[in-house]
Structures are given as C-alpha cells and as structure tokens.
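# An overview of the molecular structure
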Amino acid sequence: MVAHTTIAYGMLTLPEFVATCHAKGVPVIVDAASEYDFRRFIAEGADLVVYSGHKFLGGPTSGIVAGSKALVRAGYLQNRGLGRAMKVGKETIAGVIAALDAWEGRDHAGIRATEQAALCLWQNALAGRSGIEARITPDPTNNPLDRLEIRVMPASGFTAYGLTSILSAGTPPIMVRGHQVEQGLFWLDPCNLHPGEADIVATRLGEILDAPRPAQAMAVPAKSSAGLLKWPD
Amino acid sequence: MTNDIRQDLGLRQVINVSGTMTALGASIVVPPAIDAVSRSLSQFFDMGALHKQASAVIADQTGAEAGFVTASCAAGITLAVAGAMTGSDLLAIERLPDTGALKNEVVILSGHMIGFGAPVEQMIALSGAKIVPVGQATASSAYQLAGSINENTAAAVFVISHHVVDYAQIPLKTFIAVCHEKGVPVIVDAASEYDLTSVLALGADIVIWSGHKFLGGPTSGIVSGSKDMVRATYLQNRGIGRGMKVGKESIVGVMAALTAWKTRDHAGIRARERAALDVWTDALAGRPGVTATIVPDPTNNPLDRMKVQIDPQAAHISAWDLAIRLAAGDRPVIVRDHEVEHGHFFLDPCNLHPGEEFTVAERLTEELDKAALANDVIETPLEEIWLAREASILKWPD
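Because the structure is a prediction, the values reported are computed rather than measured. The residue count restarts for each chain, going from 1 along the sequence in the order it is written. Chains and ligands are labelled sequentially in the order written, the chains with letters from A and the ligands with numbers from 1. Selection of residues for local features in this predicted model requires a pLDDT of at least 70, selection of side-chain atom pairs for listing and counting requires 80 or more, and totals for whole chains, interfaces and linings are taken over all residues.

This part is about the overall build of chain B. Counting from the N terminus, the helices are the DSSP runs of H or I reaching at least four residues and the strands are the DSSP runs of E reaching at least two. Helix and strand counts for chain B come out as 16 helices and twelve strands. What the globule rule says is 2.2 Å times the number of residues to the power 0.38, and the radius of gyration is computed from C-alpha atoms. Scaling as 2.2 N^0.38, a compact globule of 398 residues should have a C-alpha radius of gyration of about 21 Å, and chain B matches this with 22 Å. Viewed in the frame of its principal axes, chain B has a C-alpha envelope of about 70 × 50 × 45 Å. For the exposure call, what matters is how many other C-beta atoms sit within 10 Å of a residue's own: 20 or more marks it buried, 12 or fewer exposed, and in between partly exposed, using C-beta atoms placed from the backbone. For chain B, with 398 residues in total, the buried portion stands at 47%. Long-range pairs, those at least 24 residues apart, make up 73% of the contacts in chain B between residues at least 6 apart in sequence. Once C-beta atoms have been placed from the backbone, residue pairs whose C-beta atoms lie within 7 Å are recorded as contacts.

Here it is in structure tokens:
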C-alpha cells in the first residue's frame, strides 16, 4: 500500500516486498490510490496495481486495476459475483478512458506553476505572524506536488484545530488537510483549486489572524461520532 | 447520430430492445440527470450534506422516512443486510464481514435465489450474513418461512423480478406479515419496478431500486425505508460499503432523475412504445412460422413488450439463431432472449431512440427473408451456443 497514511519507516521497500513474495510464488497487489506514477509499480514487479480514477487523474468516481492479463481478467470476471455490487456504468468507464487520454496531454508544468503560485501567496499571507510557521513541503509519497505545512504554536493564540475549525465553519467553508491536527500542524493543498480560490484562502487566513481571538481559538480535537448517529437529521 | 462516443471508441452502435440491462448500459439517462451529473463533476461537496439532501428527495418520492444512494441495487442489498445486522454500531460496521456475535442469518425464498448477472444470495453473503433458503424453488409456504426464522435471524430478503419463480411463492404481503410477527425486518429488491411507493406502503422496512433502469438516472442503487435502517445502511460506507461507494455525480444524478420522474409524461412514453410495437406487428404480420403477440410486463410494470414466437420449420430459423443474427453486424439489435430455448424472444420498446424501431423492423425483415430463402432450417444446437459463450468469457480482454 502506498499512501500518506501508512507507516513511513521501518517497512520493506516495494522491490524487496515483491522479491520476497515472488520467491514464494505469491502475487503482489499494490494499492496506489493516489499516486501519479502509472508505470513505476508495474516496473518494480507488482502483479496488479490499483489507482483511484477520481483523484489526481480527474476522472469520475472509479477504481483502475492494471497488471498481468491473467490477473486482470480474474479481477474483471468478479463482475459475475461479488464485483456486481461494485460495478461501474458506461458513464464511468467512458470517463476514465477520457481522463487517461487527457493525462497524456496534461500540462503538468503549467499546473505545478499555478500550484506554486498559490503556495507562495499563502506563505506571504502568513509571513511574520507570531506563532505561525509556514513552509513548503514535498508530498510524502513522492508525487510531484508540494503543500504548505502550517505549524500553529500557542503564541498565535490558536491551536491548529481551532484555526482549521474556524476556516471550515466560515463562508465559503475552507477544508484543509488536517489529518495530523492534534500535533499542531495542518497543510494547505493547492491541487484542487478553481481560479481565484487561492486568493479567497489567503484573504480568510489574513482576516482570521487579524481579528481578536474567538472563543474556539484554542479548541482541541474531540473525537465524536454523535453527529453520525443522527444521520440524516 | 452525431457526436456518438461509441464511434470515437470504435464500438458498435447497439440498439437495445432487450430492456434496461446492465450489460447494455442500462437506460437512456434523462436530460435533467445528465445536466446535474455534468454540473457536479468539477465542484466539491460536503458529501455528508449531499447524502442528506438525497435522503430527503428519496423520502419525498417514496414515502419512506429516509433514503441512501449507493453503487447499484446489488450494493443496496448487501448494505441493507449489513445494516440489519449491525444497526448503528460503528465498530461492528468496521468488523464486517466478520459478524461476531451479531444476529447473522438472512431468510430468502428458494425461488428468489436468482442470477441477475450475479447470484442474489452472494450479494447477501458479501455482508458476512448466512443464507437460510426457505421452501423449495417450486413452492414456498408461510409455515416454512416462520419455521426458518429463529433468534439469530437478522433480516428477510424478498426479490421482485421477472427472473424469480413466478408461481407457488409466498406473496409479499404474507411474507411481510410472517416476518414482522417474528420481529424480522423485510428488505425488498425492487430493482426494476416502476412503483416507488406501494411496496413500502405494504410494510416493507427497506426497498431498493436501481437508479439506472426505468428511472433513467446514472448507474446507482437507491435504498429507502425507515430512518434507523437506512441510517444503518448508510453507515456501511465506513466499512464494506466503501468499495461500493458512489460519487457526487451519481448522487446528484439520482436526485435529478427522481425529481424528473414526478413530471415525466408517462402517457406520452407509453404511446411511443405502443407505436413501436405496432411497427413491429406490421413487419412480422403474415410471415410463416412467426407469431407476434403483445404481452404485459410479468411484474406488472406499465410496459408491454412483443413476444416473438418462432416455429423453426416454418420460418427456416430457430429463435436463438435469429437473435444471434440480429445481434451481429454493424447495427446490432439486442433482443430480450432469456427464455429463448422455449422458441421465443421479446422486443422491449422502452429504450429506443427516435427512429430505431424502424431499424429493428428492417433487421427482422432482412434476417427472416434470408432464412426463408435458405435451403435448410437454420437451427444450431443450443447447447453448442451456450458452451461457446461460456468459453468466450474466459478470453477477455481479447
């Protein structure tokens, strides 16, 4: 499995993993849901690689399975069994084909430049704020994508959780990458913005940090599923 | 047809007189759903909030308390059964298909254990539940249902489909009464049923439809029912339902299709379908060995089809050879042939684009004319066709 949520140290590398499995005749399936590199895992010996069609690729909601003909066939044939419940329709298949075709001609350099401009804008908006450190960090699984890591210290008058909660509760709601928020940091990811939205994020950050600290500024994360259990109310 | 993506992809332009079949791309999606899908794709949503909106639309259209959209009707069955076992126990949801100490038996009539492209009982078993067949394929009785329910019974599944054994089965009303008497919730698979309210009104706890059949939505399954049971079904998205999730595009598409269903011109559609049936009646009239009759839908949907009965000796061709020839070539006409060994197939008029009914008539005429001129009766042994089809499955993707 390749993901920002896996343990990032002390693990076998993929080539080592593949070599060990293949020595015992066991096929290797790589979950590369959010990886940009379509060739690396097959080249490193994986028998099957699975990608999301609806992440970086920008296709409709889907999964893409690639690999040896025999194993992919066996995967496809599951549509006669348990795969039936997970089937996709014509619209999704055609959408994935088009997204894969478009990937070949995508202006990756232009997209990165736009993303870098957003990162610089946000870094400038946060520069000189007491208790806030912002630095541009690479993607942890080596995708060609940088993010802005924002460390929130008590001197700012906020916790990371407090600041992100205010961002998400505002208008428009701004949802950050907050999976490590209890460690006092979050990220701003520039890869899903419509034109102009980077400015909105910068403006909101400035407004919130300029204003007096609201009651929930120092809030700490509370894990609760109470809201879920009331769904759909 | 211009701008036909099938041409771009090098695929044949299939004419569907088979029905709203998954294997053919289900249905013609209605314009409001196409519009909603396309407007959603470049936007971000609070998906939890979107699911709540969908719940309200489904509730409004079905009379249920709540609703949920998933990948397919099959997924709806799996997740509704899962929800009946776990309720809102989030840890139990993550542990499926290990059912641990949960009630895990699901009763289903033997005559309902059908294949719809996959086995319906496998959709139940996917949740971790254990199947308890009731009665025999050819008959089921209330005492067999009552006697199959015990303290471990989590749910009962009832299937409405043209595939089920259509005689000597417990009627739905009795099925619900027996299950409810024993405190067992009833989940109804109504994949291809037009009526969005009557099964719930009969007392079913959960009813599931395909979003992409008669409704003309994107590929999806629609779950409706009591709030507690629909919630338990929805929460499976945190577990086994994740592999069956739908995206924003499918949810907004289903909402639009449900809303459009309210104002659909049903009488106009039936009139167009009738006109197609009349074209085919005329085309087949007086042909030796061909008997064309208009028959109602077997599960009482407001839809007639043409049953084409073929006498091979008089027509010079068997029903299945005719079906195969119609499906060949660059204007493939796919007929409804699930009973073809009885010497008949059906023509379903509900998925035609304007003018396609004439192409169907032309192709029928062409193939029947050719057969009439043949020296011998064209009658390939059916078992050879079936074995060849089985063999070809394993050659994919070649």
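Once you've had a look at it, read on.
With that out of the way, let us pick up the confidence of the model for chain B. Across chain B, the average pLDDT comes to 96, with 99% of residues at or above 70. Model confidence for the complex is summarised by a pTM of 0.94, with the ipTM given as 0.93. The pLDDT value tells you how sure the predictor is about a given residue, anywhere from 0 up to 100.

This next bit is on the nonpolar core. Residue and element names in this part refer to chain B. Take the buried Ala, Val, Leu, Ile, Met, Phe, Trp, Tyr and Cys residues, join any whose C-beta atoms are within 7 Å, and the set you get is a nonpolar core. Core analysis: the largest hydrophobic core is formed by 85 residues, its most contacted members being Val81, Ala156, Val157, Ile187, Val188 and Ile208. In terms of residue count, helix H4 (residues 73–86) provides more of this core than any other element does, ten residues in total. Ignoring any residue separated from it by four or fewer positions in sequence, one finds Ala156 in contact with Val106, Val107, Phe175, Cys179, Val184, Val186 and Ile187. Core analysis: the next-biggest nonpolar cluster, separate from the first, contains 27 residues, Val290, Ile310, Ala319 and Leu326 among them.

Counting residues at the interface gives 24 residues for chain A, matched by 35 residues for chain B. Listing elements by their share of the side of chain A that touches chain B, those giving two or more residues are helix H3 (69–76) and helix H4 (90–104) of chain A. Counting residues per element, the side of chain A that touches chain B draws most heavily on H4(A), which supplies four residues. Basically, the charged four are Asp, Glu, Lys and Arg, the nonpolar ten are Ala, Val, Leu, Ile, Met, Phe, Trp, Tyr, Cys and Pro, and anything else, Gly included, counts as polar. By residue class, the composition of the side of chain A that touches chain B is eleven nonpolar, seven polar and six charged.

What follows is about the pairing of strand S6 (residues 185–188) of chain A. All names here are of chain A. Taking every second residue as pointing to the same face, the buried face of S6 carries Phe186 and Leu188, while none of Leu185 and Trp187 on the other face is buried. Where strand S5 (residues 146–152) and S6 come together, four bridges link them in antiparallel fashion. Counted as the bridge partner of Ile150 is Phe186 from S6. Between any two strands, at least two bridges found by DSSP are needed for them to pair.

Now for the sheet that holds strand S12 (residues 344–347) of chain B. Residues and elements named next belong to chain B. The strand order across the open sheet built from three strands is S9-S10-S12, with neighbouring strands paired in antiparallel fashion. A strand with exactly one partner marks an edge of an open sheet, and here the two such strands are strand S9 (290–296) and S12. In this sheet, neighbouring strand axes are inclined to one another by 30 degrees on average, regardless of whether the strands run parallel or antiparallel. As defined by bridge partners, strand S10 (residues 304–310) adjoins S12 across four bridges and the pair is classed as antiparallel. The residue bridging Lys307 from the neighbouring strand is Phe346, located in S12. Fitting a line to C-alpha atoms yields each axis, with helices limited to the stretch in contact; the angle taken between N-to-C directions then spans 0 to 180 degrees.

Residue and element names in this part refer to chain A. Tracing the sequence through the fold places Asp47 in the loop between helix H2 (40–43) and strand S2 (48–52). Given 19 C-beta atoms within 10 Å, Asp47 falls into the partly exposed group. Placed 14 residues apart in sequence, Asp47 and Thr61 show a C-alpha to C-alpha distance of 24 Å. Among residues more than four places away in sequence, those in contact with Asp47 are Pro27, Val28, Ile29, Gly67, Ser68 and Leu71.

Once that is clear, we can look at the sheet that holds strand S5 (residues 153–159) of chain B. Residue and element names in this part refer to chain B. Strand order in the open sheet formed by seven strands is S2-S8-S7-S6-S5-S3-S4, and the pairing between neighbours is mixed. In this open sheet, the two strands that pair with only one neighbour each are strand S2 (66–70) and strand S4 (130–134). Within the sheet, the average angular offset between the axes of one strand and its neighbour, ignoring direction, is 25 degrees. In this sheet, strand S8 (residues 221–225) lies alongside S2 in antiparallel orientation, the contact comprising five bridges. Across the sheet, Val69 pairs through a bridge with Ile222, a residue of S8. Across the face of the sheet, helix H3 (residues 47–62) comes into contact with S2 and S8 while running at roughly 120 degrees to S2.

Attention shifts here to the packing of helix H5 (residues 108–126) of chain A against helix H7 (residues 197–210) of chain A. All names here are of chain A. At a minimum axis separation of 9 Å, H5 and H7 run at an interaxial angle of 10 degrees. Taken together, H5 and H7 sit at an angle that is classed as roughly parallel. Judged by residue contacts, Ala118, Leu121, Trp122, Ala125 and Leu126 of H5 engage Ala198, Val201, Ala202, Leu205 and Gly206 from H7. Of the residues contributing to the contact of H5 with H7, the split by class is nine nonpolar, one polar and no charged. An angle below 35 degrees is treated as roughly parallel, one above 145 as roughly antiparallel, one from 65 to 115 as roughly perpendicular, and anything else as oblique.

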